[in-house]
Structure formats: structure tokens, C-alpha cells
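# A closer look at the structure
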Amino acid sequence: EDGSTVIPRRLWSALVLESGFDKETTWAEAKKKMIGKLSRTIAEFAVDVTGKGVFKEEFVTAGGIKLKEITMKTMESKKCPGLFFCGEVIDVDGVTGGYNFMNCWSTGHTAGTNAVSRLKELTTSIE
């Protein structure tokens, strides 16, 4: 697999079947109406969350903006002043036990508050 898939293969198969395709239908044979139904199925797909996995399944993945490139007090980029980062774009890795939301909310609040302050400074200096 080349990593270009947006929807996991098993979920894709379930969505296609739910939309009325049979396993033998090729894209060349698909009618516009079937493709429209698939689009609606994907857009309107609801997931009922009934719980969480066992501990050690909740984790964040590595990758993103390196922490050393961010002023953590403001979440502002050290390389590009005026650009603020938060949540999943930050290179944080490890088992979080579900605390990833807290990281996203905290860094989002910090980045947003400081971005607004920076914007106010810029607009005041222009006037």
C-alpha cells in the first residue's frame, strides 16, 4: 500500500456495499445514481461511539512541527513569526491514555489566544 488511501480499505468496502454496489461491479459499470448514493453514504455516515479501547490503544502519531521550532508559551512558530500551531500538527508521539484531546484543546486555546493578540498588535500599529 502506498499510503495514499484516505479511507481504510475495510471501511471503504463496507460503504460501497451499503450504497448498493455488488462485489462484482467495476467503476466503469457504475451508474451516476449509484455513485451519487455512494457520495451521500460517505457524507452522511454516522458512527456511534460506545466506548473506548483498552488502555495503550489511545496514542498520537509522530510527525508534524518539531517542538523545538515552537515557542511553547504562545504556540508561535520560531521560524515564521505570526504563524501558530496546535493539536495534531505538532510532533507529539506516545501513548496518551485519551489525553490527546486535552493536548489539542490546550494548545488550541493557547495558539488562538496568542494569534488574536498578535493580530490586535498588528492592526493597532497600522492605524
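If you're wondering where the values come from, they're calculated on a predicted model, not measured in any experiment. (Residues numbered from 1 in each chain as written. Predicted model: local features only at pLDDT ≥ 70, side-chain atom pairs only at ≥ 80, totals over all residues. Heavy atoms only, no water.)

### Looking at a nonpolar patch on the surface
Nonpolar side chains collect at one region of the surface, where Leu11, Phe45, Val47 and Val49 lie side by side and expose about 400 Å² of accessible area between them. Mapping Val47 onto the fold places it in the loop between helix 2 (32-43) and strand 1 (59-60). For Val47, a relative accessible area of 58% translates into the label exposed. (Patch = residues over 30% accessible without salt bridge, like charges linked within 9 Å, V, L, I, M, F, W, Y side chains within 5 Å. Areas by Shrake-Rupley, 256 points an atom, 1.4 Å probe, with all protein chains shown as cover. Salt bridge = Lys/Arg side-chain N within 4 Å of Asp/Glu carboxyl O. Helix = DSSP H or I, 4+ residues; strand = E, 2+ residues; numbered from the N terminus. Buried < 20%, exposed > 50% of the residue type's maximum accessible area, 1.4 Å probe, protein only.)

### Looking at unusual backbone geometry
Positive phi values are uncommon outside glycine, yet Met75 reaches one of about 70°. Within the secondary structure, Met75 sits in the loop between strand 2 (70-71) and strand 3 (76-77). Met75 sits in the buried class, given a relative accessible area of 2%.

### Focus: the packing of helix 1 (residues 9-18) against helix 2
Between helix 1 and helix 2, whose axes approach to 9 Å, the crossing angle comes to 125°. Here helix 1 lies oblique to helix 2, going by the angle between them. Between helix 1 and helix 2 the crossing geometry is right-handed. Where helix 1 abuts helix 2, its residues Trp12, Leu15, Val16 and Glu18 lie against Lys37, Leu38, Thr41 and Ile42. Each residue belonging to the contact of helix 1 with helix 2 can be placed in one class, and the counts come to five nonpolar, one polar and two charged. (Axes fitted to C-alpha atoms, helices over the stretch in contact; angles between N-to-C directions. Parallel < 35°, antiparallel > 145°, perpendicular 65-115°, else oblique. Left-handed = near helix turned anticlockwise from the far one by under 90°. Contact = heavy atoms within 4.5 Å. Nonpolar A, V, L, I, M, F, W, Y, C, P; charged D, E, K, R; others polar.)

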